[in-house]
Amino acid sequence: MAPDKDLARAQALALDEDIEMSKWTDWKWHIRNSVRDIDTFERLLGVDLSEYRSQFDETVKTFPMSITPYYLSLMERDDLYNDPIFRQAFPSPHELELSNEDLEDPLSEDVDSSVPGITHRYPDRVLYTVANTCSMYCRHCTRKRKVGDQDYLPSQEQLDLGLEYIREHPEIRDVLLSGGDPFMLSDEALDSILAQLDDIPHVEVVRIGSRMPVVLPYRVTKGLAEALSGHKKALWLNTHFNHPREITPSSRRALATLADAGIPLGNQSVLLAGVNDCPRIMRTLVQKLVANRVRPYYLYQCDLSQGLSHFRTPVSKGIEIIENLIGHTSGFAVPTYVIDAPGGGGKIPVMPNYVLSWSPTKVILRNYEGVITTYRQPSDYKSDFCTGDCQGCDLQLKLEDAEEYNCVGIANLLGEHDPAISLVPEGTERMERRKDA
Ligand SMILES: *Cc1c(COP(=O)(O)O)cnc(C)c1O
């Protein structure tokens, strides 16, 4: 049952049919009736957008629109152009303004794609695309280049290729089902993918990234919860709330259904100018999330995808928001602020500075209130000279695969088991000169 408040919103929409509860809470009805043209948008919401109409039409030609009636019902007509729901769902002419920093595939996902549907960028985990469509097209989508391209659910053969890749790579212990939105698949299809992952011994964790709890919470049915639970591998779910207004009676119920099914819930927000670039909004959001058993996971700096320049904030805005969270509210309500580095650099965390200075004996720190304090370091700490030989070490590890530990990057420079003293980028002139000599 839809909580009354959400049904009241539904009834306020000028839908063709007298909307009944049973229809309004049927997710497939919402998919069938998603708003994909501006005429319908104006009619349902009872608004007149003629002032900018030609610009909206131009935008939709390049970047199509799709809004679930549920998400549409959350919009407030009185101040429509400033409404955070509207801004995330309705095309803005600014999307057509290309800026110098825009990139077509900023995260190099296509380059890191080993087989269709698999992006293998990190050592032990992969992104596995199981649906190429969404119930709503977020205006800030990082895969904007693909939105509306070819909406389809991948064939069994394509899904099998991805599973085959995972099966053949024993280093993969974490599989992220992504898309599109994996919850566009039927309960049966999801159940089947999860069952096949169950049979791959090296897969330990499966994650699903879905915005359905936000844009179409009626997708979260008892049947879905059943399809997700009862599998062998640990299943985690990340959703995508950006603004406290998205937390409604219906989305709360969806989150409760998932949490009651034993699925740990996380949230990934994107920092968006004009939507949530405000410490108070973000604090309210994260507090509401944890009150609904959702752990804020990442706050993303807006990517360099084409058509997103009007959503981008300076990085300082994100740091200001984190400064307003750490210490001010529950530690587990604070997400990690990350920049997904262009060129496939991956997620890089960014934080305010808390370490002010240090000497061999003391570290000088400041807290969220501005208190400056000292931490005296132990004077008798004996650092083990770690050669990476875990068998000969006094620390108890006793894992069969301990010797397979493969240290890379900065962590490798810190260690003592590799003689490397520097990481040098390829192709520097200095190195070229050395080759010539
Ligand atoms: C974000 C992402 C992951 C997961 O990263 P975590 O930091 O483990 O959440 C994995 N693969 C790709 C390609 C990603 O973009």
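Residues numbered from 1 in each chain as written. Predicted model: local features only at pLDDT ≥ 70, side-chain atom pairs only at ≥ 80, totals over all residues. Heavy atoms only, no water.

Trainee: Outline the site of the ligand, supporting the account with residue identities and numerical values.
Mentor: Inspection of the region around the ligand gives Thr119, Arg121, Tyr122, Arg125, Leu127, Arg207, Tyr297, Tyr298 and Lys347 as its neighbouring residues. A distance of 2.6 Å is found between an oxygen atom of the ligand and a side-chain nitrogen or oxygen belonging to Tyr297. For the ligand, an oxygen atom lies 3.2 Å from a polar atom in the side chain of Lys347. Here the ligand loses 91% of its free accessible area of 380 Å² to cover by the protein chains. Counting residues per element, the ones that place at least two in the shell around the ligand are strand S1 (118–122), strand S2 (125–131) and strand S7 (294–300). By residue number, the principal contributor to the shell around the ligand is S1, which donates three residues. (Near = heavy atom within 4 Å. Polar contact = N/O pair within 3.5 Å; in protein donor to acceptor, adjacent residues only side chain to side chain. Areas by Shrake-Rupley, 256 points an atom, 1.4 Å probe, with all protein chains shown as cover. Helix = DSSP H or I, 4+ residues; strand = E, 2+ residues; numbered from the N terminus.)

Trainee: Break down the sheet that holds strand S9 (residues 346–349) for me, with residues and values.
Mentor: If you walk across this open sheet you meet the nine strands as S1-S2-S3-S4-S5-S6-S7-S8-S9, and the pairing is mixed. Two strands close off the open sheet at either side, each with one partner strand: S1 and S9. Strand-to-strand twist across the sheet, computed as the mean angle between neighbouring axes with direction ignored, equals 30 degrees. Direction of pairing for strand S4 (residues 205–209) relative to strand S5 (residues 234–239): parallel, over a ladder of five bridges. If you follow Arg207 over to S5, its bridge partner there is Trp236. Across the sheet, helix H12 (residues 249–260) is in contact with S5, strand S6 (265–270) and S7; its angle to S6 comes to roughly 140 degrees. (Pairing = 2+ DSSP bridges. Axes fitted to C-alpha atoms, helices over the stretch in contact; angles between N-to-C directions. Contact = heavy atoms within 4.5 Å.)

Trainee: Describe the environment of Ala254, listing the residues and the values that go with them.
Mentor: Structurally, Ala254 can be placed in helix H12. Sequence-wise, Ala254 and Met212 are 42 residues apart; in three dimensions their C-alpha atoms are separated by 9.0 Å. Beyond its immediate sequence surroundings of up to four residues, Ala254 is in contact with Pro217 and Val220.

Trainee: Any details on the sheet that holds strand S10 (residues 355–358)? Residues and values, ideally.
Mentor: With antiparallel pairing, three strands are arranged side by side in an open sheet as S10-S11-S12. Edge positions in the sheet fall to S10 and strand S12 (372–376), since each of these pairs with one other strand and no more. Strand after strand, the sheet turns through a mean of 25 degrees between neighbouring axes, direction not considered. The pairing of S10 with strand S11 (residues 362–366) spans three bridges and is antiparallel. When the sheet's bridge partners are listed, Trp358 is paired in S11 with Val363.

Trainee: If you had to explain the packing of helix H4 (residues 38–45) against helix H5 (residues 53–62) to someone new, which residues and values would you point to?
Mentor: At their nearest, the axes of H4 and H5 sit 11 Å apart, and the two run at 125 degrees to each other. Classified by the angle between their axes, H4 and H5 sit oblique to one another. Counted together, Ile38, Asp39 and Glu42 of H4 and Arg53, Phe56, Asp57 and Val60 of H5 form the full contact between these two elements. Class assignment for the residues of the contact of H4 with H5 results in three nonpolar, no polar and four charged. (Parallel < 35°, antiparallel > 145°, perpendicular 65-115°, else oblique. Nonpolar A, V, L, I, M, F, W, Y, C, P; charged D, E, K, R; others polar.)

Trainee: How would you summarise H12 if you had to cite specific residues and measurements?
Mentor: With twelve residues, H12 should reach 16 Å at 1.5 Å per residue; the first-to-last C-alpha distance of 16 Å fits that figure. Just downstream of H12 lies Gly262, where phi reads positive at about 85 degrees. (Expected span 1.5 Å × (residues − 1).)

Trainee: So, unusual backbone geometry: which residues are in play, and what are the values?
Mentor: The step from Gly179 to Gly180 runs through a cis peptide bond, and the omega angle for that step is 20 degrees. Turning to its location among the elements, Gly180 is positioned in the loop between strand S3 (174–179) and helix H9 (187–198). The phi dihedral of Arg293 is positive, around 65 degrees, even though this residue is not glycine. The class for Arg293 is partly exposed, based on a relative accessible area of 46%. (Buried < 20%, exposed > 50% of the residue type's maximum accessible area, 1.4 Å probe, protein only.)

Trainee: Could you give an account of the packing of aromatic side chains, naming the residues involved and the relevant values?
Mentor: As enumerated under the stated definition, the model contains 13 aromatic pairs in all. Ring centres 5.6 Å apart and planes at 80 degrees place the aromatic pair Tyr70 and Tyr218 in the edge-to-face group. You can see Tyr70 sitting in helix H6 (residues 69–73) and its partner Tyr218 sitting in the loop between helix H10 (212–215) and helix H11 (222–228), a full 148 residues away along the chain. Through a chain of ring-to-ring contacts, the aromatic side chains of Phe41, Tyr52, Phe56, Tyr81, Phe86 and Phe90 assemble into a single cluster. Positioned above the aromatic ring of Tyr122 is the side chain of Arg125, whose terminal nitrogen or guanidinium carbon lies 4.3 Å from the ring centre. Arg219 extends its terminal NZ or CZ atom over the ring of Trp27, reaching a point 4.1 Å from the ring centre. (Phe/Tyr/Trp six-rings, centres within 6.5 Å; stacked < 30°, edge-to-face > 60°. Lys NZ or Arg CZ within 6 Å of the ring centre and 35° of its normal.)

Trainee: I'd like to hear about the domain arrangement of the protein, residue by residue, with values.
Mentor: According to the domain assignment, the protein consists of domain 1 (5–91), domain 2 (118–352) and domain 3 (399–436). Placing a centre on the C-alpha atoms of domain 1 and another on those of domain 2 gives a separation of 24 Å. With 29 residues of domain 1 at the contact, the number on the domain 2 side is 35 residues. For the pair domain 1 and domain 2, the summed buried area comes to about 2600 Å², and 60% of that belongs to carbon and sulfur atoms. Summed over the shared surface of domain 1 and domain 2, the result is two salt bridges. A salt bridge links Asp83 to Arg245, with the shortest nitrogen-to-oxygen separation between them at 2.8 Å. The interface formed by domain 1 and domain 2 holds 15 residue pairs in polar contact (both at pLDDT 80 or more) in total. Of all the elements in the fold, those that place two or more residues in the side of domain 1 that touches domain 2 are helix H1 (4–12), helix H3 (27–32), H6 and helix H7 (84–89). When residues of the side of domain 1 that touches domain 2 are assigned to their parent elements, the largest contribution, five residues, is made by H7. Partitioned by chemical class, the residues of the side of domain 1 that touches domain 2 number 16 nonpolar, six polar and seven charged. (Domains from an automatic or database assignment. Buried area = accessible area lost by both parts, 1.4 Å probe. Salt bridge = Lys/Arg side-chain N within 4 Å of Asp/Glu carboxyl O.)

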